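Single-letter residue listing:
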Amino acid sequence: MQKIYVKLKEFPRRYDIKIGKNLLDDCGNWTKNCLHAAPAKIVLISNTKVFGIYGEAVRKSLEAQGFEVFVWLMKDGEKYKNFRVLECALEFICEKKIKRTDTIVALGGGVVGDLAGFAAAIYLRGIAFLQIPTTFLAMIDSSVGGKTGVNTESGKNLIGAFHQPSGVLIDVNTLQTLPRRELTAGFCEAVKQGAIANRKLFNQTAEFLKNFPLNRFKKYFSDKNFLTSLENLLAAQIAFKAEIVMQDEREDVGRTDAKSRKILNFGHTVGHALEKATDYKIFKHGEAVGYGILVAGEIGINTGVFDENEFNLLRDALHSVGKLPETRNINLQRVFEAFSFDKKTIGNSLQWILLEEIGKPKIFRNKDIPKPVIERALKKILQK
Ligand code: NAD
Ligand code: GLY
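Residues numbered from 1 in each chain as written. Chains lettered and ligands numbered in written order. Predicted model: local features only at pLDDT ≥ 70, side-chain atom pairs only at ≥ 80, totals over all residues. Heavy atoms only, no water.

**Details of the sheet that holds strand E4 (residues 68-74)**
So the rule is basically this: Whether two strands pair depends on DSSP finding at least two bridges between them. Here a strand is any run of E in DSSP of at least two residues, a helix any run of H or I of at least four, and the numbering for each starts at the N terminus. With axes taken as lines fitted to C-alpha atoms, and helix axes fitted only over the stretch in contact, angles between N-to-C directions fall between 0 and 180 degrees.
Strand order in the open sheet formed by seven strands is E1-E2-E9-E6-E5-E3-E4, with mixed pairing between adjacent strands. Each end of this open sheet is capped by a strand with a single partner; those strands are strand E1 (2-8) and E4. Pairs of neighbouring strands in the sheet enclose a mean axial angle of 15°, with direction left out of account. Strand direction decides the pairing type here: strand E3 (residues 41-47) and strand E5 (residues 103-108), joined by four bridges, are parallel. Bridged to isoleucine 45 within E5 is alanine 106.

Here it is as structure tokens:
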């Protein structure tokens, strides 16, 4: 079992992220410890699929500790992370007469976590919130830090709030049922985090992928070595994300240094544009980021800031996460147009995160990168 401590400077707060095996059965006890309060009401938010697999174990454990549990389930999918569904969740929370001393628990991937966290942020102007992430992506990324929110017609995650959880519980066993494509998408984000963090995390991630190929992931769960490596990788990935969040909790718009939250957007400028240009129908978010990383690497080479050998390391790591969706028929003009409404352009000019080397991200203004360089990189990576 491992613990990562998140300490926040604003109104000093801290919480733990606990990582281990078979933790769901004891999540009632964990909840009690996180809240430092007598058991009260809990709204357990999940989706039909995840609740079907893990929901009863969580509910039983919470009830065994004296919590009164109300379950609210959303339909499964990114398209349900919207205002209408949020409103239904909030109506349910109101009907159950949830008080400020009560808590919302999110059980699921990033979609459930984002919507449940946003509900917790705005209900009674903020009540306690706990996260039990069940996808690899949610474990290393979306459950670490206070960003919560929903999508609108204009774009993804444009409406939301910063609302930190009071604790995060990661049971690695839940990854046994995660579909292969979701693993691939999550590991694209892991390669991204390794690439912007340092060589150690990058190598640890690449080594893990080499030692435990994702196409056999489920079979390894009886192997102690694998479980230790998986816990260590999760802990290292989460520690890196937590370190960024701790010193730039709300993504200070003025910051452009290599520790700013903005560096987490490595691969995301193109990633978001690819998702938007294909109407969110072709890519999982992580898969689009996988291509985004390669395009950013290619732009880095063409502007002379990144080295070809380093790029090959990135490409090899991404290669071992598995096959990404075909991109040859994507309309590049639509991808280009999609840059113009990336959320990073609002009140700010579009920025590119490039690498000078593995572990050395740097933020560039769009105007510093010639348009033909971007076009060439898109063509090379997406249409070869
Ligand atoms: P997701 O929540 O849609 O989950 C992916 C799929 O896996 C779903 O079908 C889900 O039902 C299923 N699933 C989840 N856990 C499972 C399990 N253990 N076994 C079997 N199936 C399981 O996708 P995601 O990749 O977890 O999250 C993506 C979302 O996270 C996006 O909305 C993205 O915007 C958001 N996100 C938010 C932040 C943030 O800072 N708040 C950061 C990164 C991503
Ligand atoms: N919720 C994840 C983040 O704040 O980055």
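Anyway, onward from the coordinates.
**Overview of the pattern of salt bridges**
For clarity, the cut-off: A pairing counts as a salt bridge when a side-chain nitrogen of Lys or Arg comes within 4 Å of a carboxyl oxygen of Asp or Glu. Exposed residues in this analysis have more than 50% of their type's maximum accessible area, buried residues have under 20%, and partly exposed residues fall in between, with area computed by a 1.4 Å probe over protein chains only.
For the structure on display, the rule yields 23 salt bridges. Taking the shortest distance from any N to any O, the salt bridge between glutamate 310 and arginine 199 comes out at 2.8 Å. One end of the pair, glutamate 310, is in helix H11 (residues 308-319); the other, arginine 199, is in helix H7 (residues 199-211), and 111 residues separate them in sequence. A relative accessible area of 11% means that glutamate 310 is categorised as buried. We note a salt bridge from arginine 328 to glutamate 326, for which the minimum N-O separation is 3.1 Å. Look at glutamate 326 and you get partly exposed, because its relative accessible area is 45%. Within the structure, one salt-bridge network assembled from shared partners comprises Glu78, Lys81, Asp114, Lys156 and Glu275.

**Regarding the site of ligand 2**
Basically, it comes down to this: Neighbouring residues are identified by heavy atoms, a residue being near a molecule or strand if any of them is within 4 Å of it. Here a polar contact means two N or O atoms within 3.5 Å. Within protein one must be a hydrogen donor candidate and the other an acceptor candidate, and residues neighboring in sequence count only if both atoms are side-chain atoms. Exposure was quantified through the Shrake-Rupley algorithm and a 1.4 Å probe, taking into account, for residues, occlusion by the shown protein chains and nothing else. Classification used: nonpolar for Ala, Val, Leu, Ile, Met, Phe, Trp, Tyr, Cys and Pro, charged for Asp, Glu, Lys and Arg, polar for all others including Gly.
Around ligand 2, the neighbouring residues are Asp141, Ser142, Val144, Gly145, Gly146, Lys147, Lys241 and Arg261. Lysine 147 is positioned with one of its backbone polar atoms (N or O) 2.8 Å from an oxygen atom of ligand 2. One of the side-chain N or O atoms of arginine 261 is found 2.8 Å from an oxygen atom in ligand 2. Across the complex, the protein chains shield 93% of the 200 Å² of accessible surface that ligand 2 would expose by itself. Considering only residue class, the shell around ligand 2 consists of one nonpolar, three polar and four charged.

**Describing the site of ligand 1**
Neighbouring residues of ligand 1: 25 residues in total, closest Glu78, Gly110, Thr134, Thr135 and Thr177. Within the side chain of aspartate 76, one N or O atom sits 2.8 Å away from an oxygen atom of ligand 1. At 2.8 Å, a side-chain N or O of lysine 81 approaches an oxygen atom of ligand 1. Notes on ligand 1: free accessible area 860 Å², of which the protein chains cover 90%. Where the shell around ligand 1 is concerned, the elements lending two or more residues are helix H2 (48-64), helix H4 (110-122), helix H5 (136-142) and strand E8 (155-162). Here the shell around ligand 1 gets four residues from one element, more than from any other, and that element is H2. Class assignment of the residues belonging to the shell around ligand 1 gives a composition of seven nonpolar, nine polar and nine charged.

**Some thoughts on the pairing of E8**
For strand E7 (residues 147-152) and E8, the ladder comprises five bridges, and the chain directions are antiparallel. Paired with valine 150 across the strands is isoleucine 159, a residue of E8. Taking the residues that link successive antiparallel strands as the turn, the E7-E8 hairpin has two residues.

**Section: the state of the cysteines**
Basically, it comes down to this: For the purposes of this analysis, a disulfide is any pair of cysteine sulfur atoms at a distance within 2.5 Å.
Tallied over the full model, the rule gives zero disulfides. For the unlinked cysteine cysteine 27, the closest cysteine sulfur is that of cysteine 34, found at 10 Å. With a relative accessible area of 1%, cysteine 27 lands in the buried category. Exposure remark for cysteine 34: the relative accessible area of 16% places this residue in the buried category.

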